[in-house]
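Architecture and fold: a report
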Amino acid sequence: MRSDKRLSHSSRGFTLIELLVVLAILGLLAGLVGPQLIKHLGESKTKAAKLQIEELVSSLDMYRIDVGRYPTTDEGLAALIEAPGTARVWNGPYLRKKKLPADPWNNPYHYAYPGQHGKFDLYTLGADNSEGGEGEDLDVTSWE
């Protein structure tokens, strides 16, 4: 008979208070950890944009070596994938994938040649897709 009491006592489950304590602890952890995860996610997208811009700059330099000039603003970054009509010598495509990458926020990169800040300007406007900003909204450029 004693074995029946032990079995029923050990298999009774959690009390409502125990469940509420666990839920409160999980809520506190989510409140503390969640904002930090979101912050790091934004930082990682900015870092990814910097890396993509560096790769595009290298591709533009290879294009210049072959063609003798950078693509014009009208030709844009598409000249890295398909030969523009004005290029006599073109050994592309100059990107690994035969598709222009979008920035980490799914917006196209901005390109201008000649540039106001260097030989050319290549940049993304960040998460808000407008000039300026801080954090994830910060512009990522090829000249800084």
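Predicted, not measured: the structure shown is a model, and the values here were computed from it. (Residues numbered from 1 in each chain as written. Predicted model: local features only at pLDDT ≥ 70, side-chain atom pairs only at ≥ 80, totals over all residues. Heavy atoms only, no water.)

**Let's talk about the overall build of the protein**
Selection rule: Under the DSSP-based scheme used, a helix requires at least four consecutive residues in state H or I and a strand at least two consecutive residues in state E, with every element numbered from the N terminus. Only protein chains enter the area calculation, which uses a 1.4 Å probe; residues under 20% of their type maximum are buried, those over 50% are exposed, and those in between are partly exposed. By definition in these notes, contact holds between two residues if any of their heavy atoms fall within 4.5 Å. The Shrake-Rupley method, run with a 1.4 Å probe, gives the accessible areas here. Residue values count only the displayed protein chains as cover.
Summing up its helical and strand segments, the protein has 2 helices and 3 strands in all. Order of helices (α) and strands (β) in the protein, N terminus to C terminus: α-α-β-β-β. For the protein, the residues scored as buried account for 23% of the 144 residues in total. Across the protein, contacts joining residues at least 24 apart in sequence account for 40% of those joining residues at least 6 apart. For the protein, the accessible surface area stands at approximately 10,400 Å², while carbon and sulfur atoms represent 58% of it.

**A look at the packing of aromatic side chains**
Definition in use: Any Phe, Tyr or Trp ring, taking Trp's six-membered ring, that has another such ring centre within 6.5 Å forms a pair; planes under 30 degrees apart are called stacked, those over 60 apart edge-to-face, and the others tilted.
Considering all chains together, one arrives at 6 aromatic pairs under this definition. Here the aromatic rings of Tyr63 and Tyr94 are separated by 5.7 Å at their centres, their planes lie at 70°, and the arrangement is edge-to-face. Within this pair, whereas Tyr63 is found in helix H2 (residues 16–67), its partner Tyr94 is found in the loop between H2 and strand S1 (110–112), the two being separated by 31 residues in sequence. For Tyr63, a relative accessible area of 0% puts it in the buried group. Accessibility expressed as a relative area gives 12% for Tyr94, which makes it buried. Three or more aromatic residues joined by ring pairs make a cluster, and in this case those are Tyr70, Tyr111, Tyr113 and Phe120.

**Re the sheet that holds strand S2 (residues 121–124)**
The test is simple: Strand pairing is assigned whenever DSSP detects at least two bridges linking the two strands.
As summarised here, the arrangement of the 3 strands in space is S1-S2-S3, forming an open sheet in which the pairing is antiparallel. Two strands in the sheet have a free side with no partner beyond their single neighbour: S1 and strand S3 (140–141). Pairing between S2 and S3: 2 bridges, direction antiparallel. Its bridge partner lying in S3, Thr124 is registered against Val140.

**A short note on the confidence of the model for the protein**
Rule in force here: Confidence per residue, as judged by the predictor, is encoded in pLDDT with a range of 0 to 100.
Put simply, the protein has an average pLDDT of 85, and 88% of its residues get 70 or more. For the protein, per-element mean pLDDT is lowest for helix H1 (residues 2–10), which scores 52, and highest for S1, which scores 95.

**Focus on the environment of Arg64**
Within the fold, Arg64 resides in helix H2. A relative accessible area of 36% means that Arg64 is categorised as partly exposed. Note: C-alpha distance between Arg64 and Trp90 (26 residues apart in sequence) is 9.6 Å. If sequence neighbours within four positions are ignored, Arg64 has contacts with Arg69 and Tyr70.

**A closer look at a nonpolar patch on the surface**
Rules: In this scheme, patches are assembled from residues that exceed 30% relative accessible area and form no salt bridge. Like charges are connected within 9 Å, while nonpolar side chains (Val, Leu, Ile, Met, Phe, Trp, Tyr) are connected within 5 Å. Here a salt bridge means any side-chain nitrogen of Lys or Arg lying within 4 Å of a carboxyl oxygen belonging to Asp or Glu.
A grouping of Leu16, Ile17, Leu20, Val21, Val22, Leu23, Ile25, Leu26, Leu29, Leu32 and Val33 is seen on the molecular surface, where their side chains present a nonpolar patch of about 1,100 Å² in accessible area. Residue placement: Leu23 occurs in helix H2.

**Digging into the pattern of salt bridges**
Scanning the entire structure with this criterion turns up 1 salt bridge. Residues Arg69 and Glu75 are paired through a salt bridge, measuring 3.0 Å at the closest nitrogen-oxygen approach. Owing to a relative accessible area of 23%, Arg69 belongs among the partly exposed residues under this scheme.

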